[in-house]
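Per-entry structural report
Residue-level listing of the chains:
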Amino acid sequence: MENNIEERGFLSMFDDVGGFGAWHRRWCVLANNMICFWKYPDDERHKEPIGVINLKHCVTENVGLVSRDVCARPNTFELCTVKSKKGDEHKLTTKYYSNVATTQHLLSADVKEDRLTWCNKLTEALANLRAWHPDALRPIANRKATC
């Protein structure tokens, strides 16, 4: 039976702002095979999310701490998503190939315990999603630690 994994809490998210990297603290909700994020917890009830990561497009197998050469920020983990290439939008977090684009989502928890909770829940949600949804992307074999 499919199990809907849920988690809520603040995470800092790396983003491309005008060609420069910046971290933004966001209220994140893992539910229904997506991570939705808002500026504040109360926004979840009253506003549309300011962003969504669809886990069906994720090719990360096991979510875990990234190495310091990828990101020196403590308690940072990564999700890598794939989408069809559209437009010529260039971002620090996206790499373009002939017909697809991969996006590296770097997320950081405030403390180790929160990181472990999020990583475990995300890994479980991805395994569950792939078991029950044949259209969900599978992990890329022999993929490096970053997208």
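Before reading on, note that the structure itself is shown above.
A brief structural summary. Because the structure is predicted, anything quoted here is derived from the model rather than measured.

**Examining the overall build of the chain**
A tally of helices and strands in the chain yields two helices and seven strands. Sequence-ordered secondary structure for the chain, helices as α and strands as β, is β-β-β-α-β-β-β-β-α. Split into buried and exposed, the 147 residues of the chain put 41% on the buried side. Partitioning the contacts of the chain with sequence separation of at least 6, the portion at a separation of at least 24 is 54%.

**A look at the side chain of R26**
Mapped onto the secondary structure, R26 falls in strand β2 (residues 20-31). In this structure, R26 is buried with no salt-bridge partner, the nearest side chain bearing the opposite charge being D15 at 5.9 Å.

**Observations concerning the pattern of salt bridges**
Taken as a whole, this structure holds seven salt bridges when the rule is applied. The salt bridge partner of K121 is E7, with a shortest N-O separation of 3.5 Å. Of this pair, K121 sits in helix α2 (residues 112-132) while E7 sits in strand β1 (residues 7-17), and the two are 114 residues apart along the sequence. Of the charged contacts in the structure, one is a salt bridge between R25 and D110, with a shortest N-O distance of 2.9 Å. Note that R25 is positioned in strand β2 and D110 in the loop between β7 (100-108) and α2, a separation of 85 residues in sequence. R25 sits in the partly exposed class, given a relative accessible area of 41%. One network of salt bridges, in which partners are shared, links E6, R8 and E44.

Reading the values: the criteria
- Residues numbered from 1 in each chain as written.
- Predicted model: local features only at pLDDT ≥ 70, side-chain atom pairs only at ≥ 80, totals over all residues.
- Heavy atoms only, no water.
- Helix = DSSP H or I, 4+ residues; strand = E, 2+ residues; numbered from the N terminus.
- Buried < 20%, exposed > 50% of the residue type's maximum accessible area, 1.4 Å probe, protein only.
- Contact = heavy atoms within 4.5 Å.
- Lys, Arg positive; Asp, Glu negative; His and termini not counted.
- Salt bridge = Lys/Arg side-chain N within 4 Å of Asp/Glu carboxyl O.

Purely geometric numbers; function is a separate question.
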